[in-house]
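# Examination of the molecular architecture
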Amino acid sequence: MSNTIGNNLLHQSLLSPTVLEHQSRCNSSTCIWGNTFLQSQANSITHRPSLSTEFRGKRLTLQKKKLQMGRQGPNFRSTKAILAADTSSMQLTEKFSLDEKIELQVDVELPTSGFASVVNVQISCSSDSLLLHWGAVKNQHGKWILPRHRPVGTMVYKDQALRSPFVKSASNSALSIEIDDPAIQALEFLIYDEAKNKWYKYNGGNFHVELPKADFRTPDISVPEDLVQIQAYLRWERKGKQNYTPEKEKEEYEAARTELLKEIAGGASVQDLRARLTSKNNTSESKEQLVSGSKKELVSGSKSNIPDDLVQIQSYIRWEKAGKPNYSPEQQLKEFEEARKDLQTELEKGSSLDKIRKKITKGEIQTKVSKQPVKERTFSGERIQRKNRDIMSFLTKFASKPIEENISPVPEVLSAVRQYSKAKEEHIDGPISSKNFYKLADKELLVLVANPSGKKKVYLATDLQEPVVLHWALSKNAGEWAAPPSTVLPPDSVSVGKAAETKFTVSSSENLPHKVQSLELTIEDDSFVGMPFVLLSGENWIKNSGSDFYVELKTGSAEVQKVKGTGDGKGTSKSLLDNIAELESEAQKSFMHRFNIAADLMEQATNAGELGLAAILVWMRFMATRQLIWNKNYNVKPREISQAQDRLTAKLQNVYKSCPQYREILRMILSTVGRGGEGDVGQRIRDEILVIQRNNNCKGGIMEQWHQKLHNNTSPDDVVICQALIDYMNSDFDLSVYWKTLNDNGITKERLLSYDRAIRSEPDFRRDQKDGLLRDLGHYMRTLKAVHSGADLDSAIANCMGYKTEGQGFMVGVQINPVSGLPAEFPDLLRFVMAHIEDKNVEALLEGLLEARQELRPLLSKNVRLKDLLFLDIALDSAVRTAVERGYEGLSNASPEKIMYFISLVVENLALSVDNNEDLIYCLKGWSLAQSMLKSGDDQWALFAKSVLDRTRLSLASKAEAYHQLLQPSAEYLGERLGVDQGAVNIFTEEIIRAGSAASVSSLLNRLDPILRQTAHLGNWQVISPVEAVGYVVVVDKLLSVQNKSYSKPTILVAKSVKGEEEIPDGAVAVLTPDMPDVLSHVSVRARNSKVCFATCFDSNILANIEALEGKLLCLKPTSADVVYSEMKDDELVSSTYSNEISSAPSMALEKKQFSGRYAISSEEFTSQMVGAKSRNIAHLKGKLPSWVNIPTSVALPFGVFEKVLSDDLNQIVANKLQVLKTKLDDGDISALGEIRNTVLELSAPPQLVKELKEKMQGSGMPWPGDEGEQRWNQAWVAIKRVWASKWNERAYFSTKKVKLDHNYLCMAVLVQEIINADYAFVIHTTNPSSEDSSEIYTEVVKGLGETLVGAYPGRALSFICKKNDLNSPQILGYPSKPIGLFIRRSIIFRSDSNGEDLEGYAGAGLYDSVPMDEEEEVVLDYSSDALFTDSKFCSSILSSIARAGSAIEELYGSAQDIEGVVKDGKIYVVQTRPQM
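Quick notes on the rules
- Every residue gets a number counted from 1 within its own chain, in the order that chain's sequence is written.
- Reporting in this predicted model follows two pLDDT cut-offs: at least 70 for local features of residues, and 80 or more for side-chain atom pairs to be given and counted; totals over whole chains, interfaces and linings ignore these cut-offs and use all residues.
- Note: side-chain values were computed over all heavy atoms of the structure, leaving out hydrogens and water.
- Criterion used throughout: strands pair if DSSP finds at least two bridges between them.
- By the criteria applied, helices consist of DSSP H or I runs no shorter than four residues and strands consist of E runs no shorter than two, each listed in order from the N terminus.
- Orientation is described by lines fitted to C-alpha atoms, with helices fitted over the stretch in contact, and by angles between N-to-C directions that extend from 0 to 180 degrees.
- Contact criterion: two residues are considered in contact whenever any of their non-hydrogen atoms come within 4.5 Å of each other.
- In this scheme, roughly parallel covers angles under 35 degrees and roughly antiparallel covers those over 145, while 65 to 115 is roughly perpendicular and the rest are oblique.
- Crossing chirality is assigned from the near helix's rotation relative to the far helix, an anticlockwise turn below a right angle marking it left-handed and a clockwise turn marking it right-handed.
- Under the convention adopted here, Pro, Cys and the residues Ala, Val, Leu, Ile, Met, Phe, Trp and Tyr are nonpolar, Asp, Glu, Lys and Arg are charged, and Gly plus all remaining residues are polar.
- Think of a nonpolar core as a cluster: buried Ala, Val, Leu, Ile, Met, Phe, Trp, Tyr and Cys residues, connected wherever their side-chain atoms sit within 4.5 Å.
- Residue exposure (1.4 Å probe, protein chains only): buried if accessible area is under 20% of the type maximum, exposed if over 50%, otherwise partly exposed.
- Only Phe, Tyr and Trp rings take part, Trp by its six-membered ring, and two of them pair if their centres are within 6.5 Å. Stacked means planes under 30 degrees apart, edge-to-face means over 60, and tilted covers everything else.
- When the NZ atom of lysine or the CZ atom of arginine is within 6 Å of a ring's centre and also within 35 degrees of its normal, the charge is said to sit over that ring.
- We define a salt bridge as a contact between a side-chain nitrogen of Lys or Arg and a carboxyl oxygen of Asp or Glu at a distance within 4 Å.

### Brief notes about the sheet that holds strand β18 (residues 443-450)
Strand order in this open sheet of five strands is β17-β18-β19-β24-β23, and the pairing throughout is antiparallel. Looking at which strands have only one partner, the edges of the open sheet turn out to be β17 (432-440) and β23 (505-507). Shown here is a sheet whose adjacent strand axes are inclined to one another by a mean of 25°, direction ignored. Pairing of β23 with strand β24 (residues 516-523) involves three bridges; the strand directions are antiparallel. The partner of serine 507 across the bridge, within β24, is valine 516. In the packing of helix α9 (residues 416-427) onto the sheet, the strands contacted are β17, β18, β19 (456-462), β23 and β24, and the crossing angle to β18 comes to about 15°.

This is the structure in structure tokens:
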């Protein structure tokens, strides 16, 4: 109903008339504005002055007549609601209630002389699918006419009406229509929701808006634009010539207009204003000169009455021709008047304003302007000046957690339709072919196809409230409508032409909370392949996103069926992947369906966490790589595809804002999906191809076939086809170039023929068509990329900086506004990037790209247009990778400094693209330090740079492993469900890794590595997959030639050629090669995942020696920088692995230890009968070393305590359980080892043990954990039990079996020490183990605790040697590359001390666990800020102290020692020593 309201409304107009881009720029030039004044003008073609108006209200005259809907469509000439204009008012507003939730408001802005009336329509609904179906009326009984001026995106509907899309604004949708034809008396309209196929009307009639007649229009009170500009300039001068933002500039411009309007309202004339504004007393001399040339014409009102919008168009063209310089305000005004003169000249030649308007849009107005030199503000010369930034400022760090699906403990509440489906499926006796749920606003529709008893049955159900009728047909050819035979019609069905109508029946059940209407159809004729249908609910026709529903009745090879034998989905969001698999048959219809389904699944994906988003990425990636069907017999408008893309990417954008921990994977999904269209850019795909055909007279052949394909369904293939046609013409019409472009991008002749609308012809253009086609296809490429490409830089820049394209004839226009809030210098920076985007020397380009990304970074979380900024950042990232690939060859003879600089740039780019980038940031800081060392002449620069290179490689490998763990299980599960090619599944993660920035970094590291090795005099191996291996040597020329072979024996392959694309053959345990495949190449990733040793050897002599051992059994032991190999005998092969088989090695005897009667002893009581060598050695050091060498206090739980605790009555059940498990182990069941370890943890501590341990620890000055509470003692007790349980580690167990030790005789004492929270930890070998030189000490040092040194932590430690006769001169051999350090609070550590470590010839040390009471904290290390690596004096002091401590201990024992210790606050602590083996 209408409401009468009164309002005082101020209608703010846009700043000033539009500056159109002339047609010679293809209607679609990218505008990187060089001038904010001109930018603010690019908004609207027709300027409307600001008017203060008052509305007093008018009533509606209403007549009711039912509007007939349904198959006949709406009767648009029925009687309507009338909105009549009040001639005494300048504004009219009425409101209508469309339904319970949606309100319509219509207001009319009354015109002033020379300006159009404006009808504003606003709806309180933000749907993407609302259209205004409208036309104009010139007389009371006349038909609708279609006005010339139309809103952006308007389409002509069957030559009888216009359809204009609403623009979303917050929770509303709005639209403005300008009417400048005085003969038009009224507008009539209906509102159509295309997605719901629903019409909104007024009591069955049209809305009717009467426009005011010219007789009642108010006097002209507008102000000439040149005067407004002068007034705005004066305000700017008065305020000190500040730098305005675009928003502030608009505000000032309108404020200037308001001031002049007030003067006119006070009685001043326009002539008075002009005289005042151009007088010397009120403006600068330059301004007086600026306007003096045209003052007479303006005052006299002679031939200078040229509309300001034309003047501004001409001024924009002049600005373009001048090279888009940055004009000052004075220059802007001068250019405005020069443009006026250009047009005045045309008038004097006899042209009319209409002719001028036509000529100006074609750029045919003569003008004298020369291109001005561009003055860049953010850079000078050929390089930009990068800002100094704190590297740590772009750290992104989130708490690490295991990858698992977030599953809510609350069970899912099924809707009524889903409950119906579940119940129905339980009673269907036969296979289910397909099941789909469709969203109908807040309701649902189920379509279930099954084959009970060999018959085809279709089950439909919905929870719509109004009675539902199925309007349906059957198809023998996909998509056709054919009348169903009478034999298949359910009772009470009615035949209607080529269709039938059947009513749903209500299914009521106590188990269903709401009523469900359902219908069952039985189709026995196998010749029918599908069933198209729509629903009629009340008076509303319901379709599937604007198209017919379609049910597949036949399942062929292309159909998606549930695959038997799929894995259990471990490591995936299985429930989401199952949903995707069930919906794939629906998604195959078109991109619109797929993107809409993906958007519907986003909530479930987000709730499932990282694995849920991984599922969406895998699905979209399978789509993008053409592993899934793109379109199947379904005609979809490009606009519908782009709208669906826009909907999906908007949801991805929202998750990006709300869940920052998932931003990396969301970026990957966005780049896979593409941007989607705005401003109806998707519709231009369909329309613009017709314009290209018409303009270039090429309506047949390939262009017509491509047009038909585009009309049916557009896809990313169209970008490639367009590029192929451009390349074909640029190569002087060489067809081989056309096919090369297609084939290089995965499009074959067979694929072209496979489209629903096949492309059969090759291009055959005439030479006179070349220039026009190259121009138009070049512009068309941007339209295609705007929808399909997320990483196209040109379209991404245009989308952020804003552009406008006008339609031609029926073709819709597009207007994209600039993103607000961008940095002031950003346009200059992007212009620099585009100017250098194809430079062969890419260094300056890389700097510009990274500076642009850094400028964008702060905006990538909160901007309203976040999605556009994300796509721009993705495109900049992609451009970096492309530039690096192009510039790679230019580094062949580059200096190390230049290569390191390139690496630092690309590492920076990678760090800007990934989450949890702390390690990469410290790598970046390391590269910066290495460059500084080189520049300063530090002779250690290459050694340090090599450590940074190794760490960077480790970081890349870690990222690759994380991707594999996250994505590969989902790829394998979904790939099997959907029948994806197994080869594509196998390399899924590898292909994603190689497509990213990490691959560019890897290539550069390979280029630098040999240079550093040579400079630093390092080894000859690059270890890619550091896995110990034993196998027989086989030499081959190419790995490719044997990749499909299966070796029956473990094999070490020496392959002379490895390119990176090969598979590793079955049975291969190692691959050694002189080639340099990337660390992230396919074969490298497969090697790591398969636990195969993989290394490059740079020394041909070493490789020749290994080749000479062909057929021999070798053992390979790789480190991070070397491979140690040794020949083995055949009978040693079995014993080299963990096995319960006993080798032929000579046996050793263990002495079984007995419980001494004491649960705990102090260090003074340590004897060989009580504790092992580890405890005795540390006790022996006390009081015998220099005072500056500190020894931690120790106590121990001696031998036999474990057995005593096990025999205690407290632990009788545990003892019995252990005995059973030991018997199981003795019988050869190795799985019992893990069960035994877990059972040991069930032991309870006898009270006497607790009492004695407390007394000994406190008596030795150690803290007692129980003093901090019972929980702390429990932590200590668990740590003790874990030490005992480590007796049954696999490695330890098989080690004793190998040398025939009786495992039951192995006893475990526990050494208890207070942990020193170390700054550094070290291991000393007092004889160099590599050279066996007893005159020098070899030491390795790490930051934090020593576990990273002796445990399985990647990377190298700092290593140095020191001559024993010169302990004050340590020589560093290598800098650290370990990314992780372990740190801990003040705590207690419980160290294993077995009797096996005392045996000569048995390497028992390190087999068993030492367990701290508290968890260590893993810290990502920053070596660039650590004094040990940056302060040479401090470094020399610490390393010399460590060496002197080692020398003193060796001297004490009289033999070479293996020593462990730590450094805290410069003090040396020794925690362990043993004889060096």
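### With respect to the packing of helix α12 (residues 610-624) against helix α27 (residues 941-978)
Their axes nearest at 9 Å, the elements α12 and α27 cross at an angle of 55°. Overall, the two elements α12 and α27 adopt an arrangement that is oblique. Once α12 is placed against α27, the crossing between them reads as right-handed. Within the contact between the two elements, α12 uses Glu610, Leu611, Ala614, Leu617, Val618, Trp619 and Phe622 and α27 uses Leu966, Leu967, Ser970, Ala971, Leu974, Gly975 and Leu978. When its residues are assigned to classes, the contact of α12 with α27 shows eleven nonpolar, two polar and one charged.

### Re the nonpolar core
Core analysis: the biggest nonpolar cluster contains 170 residues, and Trp619 and Trp927 have the highest contact counts within it. Per-element accounting of this core gives the leading share, 16 residues, to α27. Membership of the second largest hydrophobic core comes to 49 residues, among which are Ala1160, Val1205, Leu1243 and Met1308.

### Concerning the packing of aromatic side chains
Counted under the stated rule, the structure contains 22 aromatic pairs. An angle of 70° between the planes, with centres 6.5 Å apart, marks the rings of tyrosine 728 and tyrosine 738 as edge-to-face. Of the two residues, tyrosine 728 sits in helix α17 (residues 717-730) while tyrosine 738 sits in helix α18 (residues 735-744), which places them ten residues apart along the sequence. Of the two residues, tyrosine 728 and tyrosine 738, neither departs from the other in class, the shared state being buried. One aromatic cluster is present, formed by Phe1202, Trp1264, Trp1273, Trp1277, Trp1284 and Trp1288 through successive ring pairs. One residue, lysine 476, lies across the ring of phenylalanine 528, its end atom 5.5 Å from the ring centre. Residue placement shows lysine 1049 over the ring face of tyrosine 1032; its charged tip is 4.1 Å from the ring centre.

### Some remarks on the pattern of salt bridges
Per the stated rule, a full pass over the model turns up 61 salt bridges. A salt bridge links aspartate 578 to lysine 574; its shortest N-O distance comes to 3.1 Å. Note that aspartate 578 and lysine 574 are positioned in helix α10 (residues 574-587) at a spacing of four residues, about one turn of the helix. Residue classification places aspartate 578 among the buried positions, given a relative accessible area of 14%.

### Some remarks on helix α21 (residues 793-801)
The buried count for α21 comes to eight of nine residues, which makes it a mostly enclosed element. Turning to α21, its buried residues number three or more, namely Leu793, Ser795, Ala796, Ile797, Ala798, Asn799, Cys800 and Met801. Phi for glycine 802, located one or two positions after α21, is positive at around 95°.

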